[in-house]
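# Tertiary structure, described
Listed here are the chains, written in short residue letters.
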Amino acid sequence: MRLQLRPVRPAGWWLDALLLAGFAAITILLAAKTSLLHLDTGVRDFADAHRPYWFYIVLRIGNLLGQGGGVLTPMVAIAAFFMSRARHTIRPFLPLIGAELITYLIIGPIKLWTDRTAPSNHVLSRPEELFRIDSGMSYPSGHVINTIVFYGVLASMLAGVLRPGYVLALRIVVPLIVLFTTTYLSFHWFTDGLSGLLVGVVLDRVLQRVPWDDIPLPRRFGDWTGPFYDTQVPARMTR
């Protein structure tokens, strides 16, 4: 059986190619030790000099929104459980599994390859540079990528439950909060977050294209293999 990709907005692969080209350009400029490195160090120095304790606490709370295994995966799993019960299908768990696989297979190898340490590391000289030896796994920001991907999955699940404004906030506002907090806390360089934003949107669009309703499932699931995205949400869930 041939699976047909779901439509995304904007349609086509041109945006994906543009985002990946942007990521490649940032990586090349950083590797070439251009002035982009000075931007990173300047942002870090400003953040370190203007981070009162009360603001630090606020930032840490906001940064929890991007915690992968500790927050994002359990949260999306809980949402998938309730949506599965309401729609009598296990398919809400499929996008979650897809998100886990795609982030694990993509983020780790890129981090290992670029080999960049975090801005909070003041031991190494010029920690902002890429392709150091055993220096760290900062580039790109996994917090930002995970936030875009997992909140994108959550937004897709709750598209028929929440109002459109809330769904849009999950996709846009939350990743921007995490981008800001990881940068201001010096957990990541500014370009870590920017590159993570570009990669995260590409991965989110890949997951949006997957026809989760059409993927064959084992017969052992019985009548729990029905559609998910195209099924009307029960009225009791929209109150």
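Anyway, here's the lowdown on the structure attached to this text. Throughout, a residue's number is its position along its own chain's written sequence, starting from 1. In keeping with the model being predicted, local features are shown solely for residues with a pLDDT of at least 70 and side-chain atom pairs are shown and tallied solely at 80 or more, while totals for entire chains, interfaces and linings include all residues. Side-chain measures were taken over the full set of non-hydrogen atoms in the model, leaving aside hydrogen atoms and water.

## Some thoughts on the overall build of the chain
Labels follow the DSSP assignment, with helices taken as runs of H or I lasting at least four residues and strands as runs of E lasting at least two, numbered in each case from the N terminus. A tally of helices and strands in the chain yields nine helices and zero strands. For 239 residues, the compact-globule formula gives about 18 Å, and the C-alpha radius of gyration of the chain, at 20 Å, lands near that figure. Considering only C-alpha atoms, the chain reaches an extent of 60 × 40 × 30 Å along its principal axes. Taken across its 239 residues, the chain has 44% of its residues classed as buried. Contacts in the chain between residues at least 24 apart in sequence constitute 77% of all its contacts with a sequence separation of at least 6. In this description, accessible areas are obtained by the Shrake-Rupley approach with a 1.4 Å probe, and a residue is regarded as covered only by the protein chains that are shown. On the chain, roughly 12,800 Å² of surface is accessible, and the fraction owed to carbon and sulfur atoms is 67%. For the charge count, each Lys or Arg is scored as positive and each Asp or Glu as negative, with His and the chain ends excluded. By convention, the charge on Lys lies at NZ, on Arg at CZ, on Asp at CG and on Glu at CD. For the chain, the centre of its 22 positive side-chain charges and the centre of its 15 negative side-chain charges are spaced 9 Å apart. Our radius of gyration is a C-alpha quantity, and the globule rule it is checked against amounts to 2.2 Å times the number of residues to the power 0.38. Only protein chains enter the accessibility calculation, which uses a 1.4 Å probe; a residue whose area is less than 20% of its type maximum is buried, one above 50% is exposed, and one in between is partly exposed. Any two residues whose heavy atoms approach within 4.5 Å are treated as being in contact.

## Re the nonpolar core
Residues belong to one nonpolar core when they are buried, are Ala, Val, Leu, Ile, Met, Phe, Trp, Tyr or Cys, and are joined through side-chain atoms within 4.5 Å. By size, the foremost hydrophobic cluster in this structure holds 38 residues, and its most contacted members are V76, V149, F150, L154, M157 and L207. Of all the secondary-structure elements, those providing two or more residues to this core are α1 (14-31), α4 (68-87), α5 (93-114), α6 (142-157), α7 (164-171) and α9 (190-209). In terms of residue count, the dominant contributor to this core is α6 (eight residues). With residues up to four places along the chain from it excluded, the contact list for F150 reads L72, T73, V76, L96, A99, E100 and T103. Residues A47, F55, L59 and Y184 belong to the second largest nonpolar core, which totals five residues.

## Digging into the packing of α4 against α6
Two packed helices can be described by the angle between their axes and the distance between those axes. Between α4 and α6, the least distance of the axes is 10 Å, while the angle of their chain directions is 15°. With respect to α6, the element α4 is oriented roughly parallel. When the axes of α4 and α6 are compared, the crossing they make is left-handed. Listed contacts from α6 to G68, L72, T73, M75, V76, A79, A80, M83 and R87 of α4 are N146, T147, F150, Y151, V153, L154 and M157. For this classification, Asp, Glu, Lys and Arg are treated as charged, while Ala, Val, Leu, Ile, Met, Phe, Trp, Tyr, Cys and Pro are nonpolar and the rest, including Gly, are polar. Across the contact of α4 with α6, the residue classes break down as 11 nonpolar, four polar and one charged. Structural elements are reduced to axes, namely lines fitted to C-alpha atoms, with helices fitted over the stretch in contact, and the angle between N-to-C directions of any two is expressed from 0 to 180 degrees. Relative orientations are named as follows: roughly parallel for angles under 35 degrees, roughly antiparallel for angles over 145 degrees, roughly perpendicular for angles from 65 to 115 degrees, and oblique for any other angle. Should the near helix be turned anticlockwise from the far one by less than a right angle, the crossing is termed left-handed; should it be turned clockwise, right-handed.

## A word on α9
An α-helical turn contains 3.6 residues, so any two residues separated by three or four positions project in the same direction. The end-to-end C-alpha distance of α9, which contains 20 residues, comes to 29 Å, matching closely the 28 Å that a straight helix rising 1.5 Å per residue would cover. With 14 of 20 residues buried, α9 lies mostly within the body of the structure. How far a helix is expected to stretch is found by multiplying one less than its residue total by 1.5 Å.

## Quick notes on the packing of aromatic side chains
Stacked, edge-to-face and tilted are the three classes for Phe, Tyr and Trp ring pairs, Trp counted by its six-membered ring, which pair at centre distances within 6.5 Å; planes under 30 degrees apart are stacked, over 60 edge-to-face, the rest tilted. This structure, assessed with the given rule, holds eight aromatic pairs. Measuring from centroid to centroid gives 6.3 Å for Y53 and Y56, while their planes differ by 25°, and the two rings are stacked. A residue pair is termed a helical-turn pair when its members lie 3 or 4 positions apart in one helix, as Y53 and Y56 do in helix α3 (residues 53-63) at three residues. By relative accessible area, Y53 is classed as exposed at 62%. In this structure Y56 comes out as partly exposed when scored by relative accessible area, which is 28%. When the ring of F81 is compared with that of F82, the centres are 5.4 Å apart and the planes differ by 75°; the resulting orientation is edge-to-face. Residue F81 is classed as partly exposed on the basis of its relative accessible area, which comes to 39%. Of the aromatic side chains, those joined through ring pairs into one cluster are W54, F55, F180 and Y184. Our definition puts a charge over a ring when NZ of Lys or CZ of Arg is within 6 Å of the ring centre and also within 35 degrees of the ring normal. One cation-aromatic arrangement involves R209 over W13; the distance from NZ or CZ to the ring centre is 3.5 Å.

## Quick look at empty space enclosed by the protein
Using only the protein atoms, space was sampled on a 1 Å grid; points where a 1.4 Å probe fits but cannot get out form cavities, open sets with protein on both sides within 12 Å along at least five of seven lines form pockets, and lining residues are those with an atom within 4 Å of a point. Grid points are joined across faces, edges and corners, and a volume is the space filled by probe spheres set on the points. Using the criterion set out here, one finds one cavity of 30 Å³ or more in the structure. If you add up the space inside the largest cavity, you get close to 30 Å³. The wall of the largest cavity is formed by D40, V43, R44, P119, T183, S186, H188, W189 and F190. Here the lining of the largest cavity takes three residues from helix α2 (residues 36-49), the largest share from any one element. For the lining of the largest cavity, the per-class residue count stands at four nonpolar, three polar and two charged.

## Side note on a nonpolar patch on the surface
Patches here: salt-bridge-free residues with over 30% relative accessible area, like charges joined within 9 Å, nonpolar side chains (Val, Leu, Ile, Met, Phe, Trp, Tyr) joined within 5 Å. Counted as salt bridges are all cases of a side-chain nitrogen of Lys or Arg within 4 Å of a carboxyl oxygen of Asp or Glu. Taken together, the side chains of I97, L101, Y104, L105 and I106 define a hydrophobic patch exposed on the protein surface, amounting to about 540 Å² of accessible area. Locating I106 in the fold gives a position in helix α5. For I106, a relative accessible area of 31% puts it in the partly exposed group.

## Things to note about the pattern of salt bridges
Applying the stated criterion across every chain yields a total of 10 salt bridges. Counted as one network, the salt bridges with shared partners bring together K33, R126, E128 and E129.

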